[in-house]
Amino acid sequence: MNILFLDWPCFGRTDLLDFFYKSDDCVTLFSHPEYNLRNSSSFMESIYPILEKQHFDFCFSYNFFPLLATACHRYNTKYVSFVYDSPQVKLYSYTVTYPTNYIFLFDSYLVEQFQNEGISTFYYMPLPVNAERIHALLREPYNSSKLSAEVSFVGSLYNESHNLYDSLHNISNYAKGYLDALMQAQSHVYGYSFLEECLTAPIITELQNSIHYQKNPDGVEPLSFIFSDYYLCRKLTSIERIHTLTEIAIHFPLKIFTPNENYVIPHAINMGCANYLTETPYIFHNSKINLNITLRSIRSGIPLRCMEIMSCGGFLLTNFQSDFLKHFHAGEDFVFFENKKDLLQKIDYYLIHEEERLAIAESGYQKILKNHSFDTIFQKIYNIIN
């Protein structure tokens, strides 16, 4: 096939291009500094001649970009986007309605939400992983003292400079108390998010008066979505991750691999940021327990990190996400916790019961090999777009 690939520094780039090349596809890499904008004459002037002179079976990008959707629509070229980030305000662009779009989301809740609005360009698809590349990498020498752990957590603490909630100024004590109470209530519930629906009109107005959010000219994103997913979800996730990791570190040896390398969690070892391609596979493979605490804006989907942990043959202990049950068996391929008490009990149990822990990790790994390779996932995509 002839494919135009929007080239930007995305996760999975290397694995996806390897898949295309091994499939004998002809891939044209297209990059532009303004690919992420909502309006750019420079982007259009660069891509229009390419689409006009060449035939592509489809254009592809990780995540959805309105500029590319517009260009593909103009030249009646299929645009396949695979969204792995959440939240994604660009999905509220009117360009998602173009019939040339095939937008694949790893979160079935969001797919159902868009489809219920009559938008037929959205499809559910779990994220693929390249377990074969990881298996080959794991044969290479590595720093075992650094990249091994009893319990490990890899990910952001969301307490870096881009914490939007802490940038809210001049909101009333009532609004602050309301939002804090709302996040506290949500922290006790997994599997259902009520943050957005509990943002009342007066609260939204006060938040808008604080930041003066400007809607995108091609977008219909509701302010309730912006404030819940970009402000509250990130803040709540930060609170949950820090509190949970602090509690774990009191009882068990814990290593955290996080961009905020100077942040101190008592008794935990902060290893700083791990290299995505060359270090995280070893961490996932050589940690007895790999912990996942999902970003709250992911409603039902299986985060990419969870797929990667299982693709490394690692043992996954995660909060509940309903899409897991579409593809895996709890207690057989992975383990989920219901609350902090349950989490601590399961860490204690699976650190002791090594044979059971290894059997679960192996079962999850085999499911990944069988059902979640790039070959398998993209064959499903091709069946939809052709």
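Within each chain, residues carry numbers counting from 1 in the order of the written sequence. Totals for whole chains, interfaces and linings use every residue, but because this is a predicted model, local features are given only for residues with pLDDT of at least 70 and side-chain atom pairs only at 80 or more, for both listing and counting. For the side-chain quantities, the full set of heavy atoms in the structure was used; hydrogens and water were omitted.

Undergrad: Hey, could you run me through empty space enclosed by the protein in this one?
TA: Rolled over the atoms, a probe sized like a water molecule indicates the empty space that remains. Cavity means a closed set of points on a 1 Å grid over the protein atoms alone, one where a 1.4 Å probe fits but cannot get out, pocket means an open set with protein on both sides within 12 Å along at least 5 of 7 lines, and lining means a residue has an atom within 4 Å of a point. Grid points are joined across faces, edges and corners, and a volume is the space filled by probe spheres set on the points. Applying the stated criterion across every chain yields a total of four cavities of 30 Å³ or more. Lining the largest cavity are 21 residues, with Asp 15, Val 129, Tyr 276, Leu 304 and Glu 308 positioned closest to its centre. Throughout this entry, Asp, Glu, Lys and Arg are counted as charged residues, while Ala, Val, Leu, Ile, Met, Phe, Trp, Tyr, Cys and Pro are counted as nonpolar. The remaining residues, Gly among them, count as polar. Residue classes in the lining of the largest cavity are distributed as 14 nonpolar, four polar and three charged. Empty space within the second largest cavity amounts to approximately 120 Å³. What lines the second largest cavity is a set of 15 residues, and nearest its centre among them are Ser 86, Pro 87, Gln 88, Leu 91 and Leu 110. For the lining of the second largest cavity, the per-class residue count stands at nine nonpolar, three polar and three charged.

Undergrad: Could you clarify how one ought to interpret the sheet that holds strand S5 (residues 101-105) in this entry?
TA: Strand pairing in a sheet takes place through backbone hydrogen bonds and is either antiparallel or parallel in direction. The rule for pairing is simple: two strands pair if DSSP sees at least two bridges between them. Think of it this way: any DSSP run of H or I at least four residues long counts as a helix, any run of E at least two long counts as a strand, and we number them from the N terminus. Pairing within the open sheet is parallel, and its six strands lie in the order S2-S1-S3-S4-S5-S6. Strands with a single pairing partner mark the edges of an open sheet, and in this sheet they are strand S2 (26-30) and strand S6 (122-124). Going from strand to strand, the sheet's axes swing by 25° on average, the running direction of each strand aside. In terms of strand pairing, strand S4 (residues 79-83) meets S5 through five bridges, oriented parallel. Looking at S5, one finds that Phe 82 is bridged to Phe 104. Sheet strands touched by helix H4 (residues 108-116): S5 and S6. Its angle to S6, the strand with the most contacts, is close to 150°. Note on geometry: axes are lines fitted to C-alpha atoms, helical ones only across the stretch in contact, with angles between N-to-C directions running from 0 to 180 degrees. The contact rule is simple, with two residues in contact once any of their heavy atoms fall within 4.5 Å.

Undergrad: Explanation requested: the nonpolar core in the structure shown.
TA: Soluble globular proteins tend to bury their nonpolar side chains together. Of all hydrophobic cores here, the largest spans 108 residues; its most connected members are Phe 20, Ile 47, Phe 60 and Ile 381. Residue contributions to this core peak at eight residues, all from helix H8 (residues 223-251). Ignoring anything within four residues of it in the chain, the contact list for Phe 60 reads Ile 3, Leu 4, Phe 5, Leu 6, Leu 16, Tyr 79, Val 80, Phe 82 and Phe 378. Each nonpolar core is a collection of buried residues, namely Ala, Val, Leu, Ile, Met, Phe, Trp, Tyr and Cys, held together in the definition by side-chain atoms within 4.5 Å. Only protein chains enter the accessibility calculation, which uses a 1.4 Å probe. A residue is then buried if its area is under 20% of the maximum for its type, exposed if over 50%, and partly exposed in between. Grouped together as the second largest cluster of nonpolar side chains are 26 residues, Phe 153, Leu 157, Val 335 and Ile 360 included.

Undergrad: Hey, could you run me through the pairing of S4 in this one?
TA: Here S4 lies mainly inside the structure; five of its five residues are buried. Side chains Tyr 79, Ser 81 and Val 83 project from S4 onto one buried face, and the interleaved Val 80 and Phe 82 project onto a second face that is buried too. Pairing between strand S3 (residues 58-62) and S4: four bridges, direction parallel. The residue bridging Cys 59 from the neighbouring strand is Tyr 79, located in S4. Handedness of a crossover is defined as follows: orient the strands so they point away from the viewer, and if the path from the first strand over the helix to the second runs clockwise, the crossover is right-handed. On the question of chirality, the crossover connecting S3 to the parallel S4 by way of helix H3 (residues 66-74) is right-handed.

Undergrad: Is there a simple way to explain unusual backbone geometry in this structure?
TA: A negative phi angle characterises most non-glycine residues, just as the trans form characterises most peptide bonds. Residue Pro 87 is bonded to the preceding Ser 86 through a cis peptide linkage, with omega at 0°. Within the fold, Pro 87 resides in the loop between S4 and S5. One non-glycine residue, Asn 63, adopts positive backbone phi at about 70°. One can find Asn 63 in the loop between S3 and H3. Note on Asn 63: relative accessible area 3%, which makes it buried.

Undergrad: Is there a simple way to explain the sheet that holds strand S11 (residues 316-319) in this structure?
TA: The strand order S9-S8-S7-S10-S11-S12 describes an open sheet built from six strands, whose pairing is parallel. Edge positions in the sheet fall to strand S9 (269-270) and strand S12 (335-337), since each has one partner strand and no second. As paired strands, strand S8 (residues 254-257) and S9 are joined by two bridges and run parallel to one another. Counterpart to Lys 255 in the pairing with S9 is Ile 269. Against the sheet, H8 contacts strand S7 (149-154), S8 and strand S10 (287-292), and its axis sits at roughly 150° relative to S8. Against the sheet, helix H12 (residues 340-352) contacts S7, S10, S11 and S12, and its axis sits at roughly 150° relative to S12.

Undergrad: I keep staring at the pattern of salt bridges and nothing clicks. Help me out?
TA: Between side chains of opposite charge, pairing is possible as soon as their charged atoms come close. Each reported salt bridge corresponds to a side-chain nitrogen of Lys or Arg within 4 Å of a carboxyl oxygen of Asp or Glu. According to the stated counting rule, one finds 14 salt bridges in the structure shown. Of the charged contacts in the structure, one is a salt bridge between Lys 176 and Asp 180, with a shortest N-O distance of 2.9 Å. Placement of both Lys 176 and Asp 180 in helix H6 (residues 173-186) is noted, with a separation of four residues, approximately one turn of the helix. Since its relative accessible area comes to 34%, Lys 176 is described here as partly exposed. Judged by relative accessible area, which is 31%, Asp 180 ranks as partly exposed. For Glu 332, the salt bridge goes to Lys 367, with nearest N and O atoms at 3.8 Å. In this pair, Glu 332 is assigned in the loop between helix H11 (324-327) and S12 and Lys 367 in helix H13 (residues 354-371), connecting sequence segments 35 residues apart. You can call Glu 332 partly exposed: its relative accessible area is 39%.

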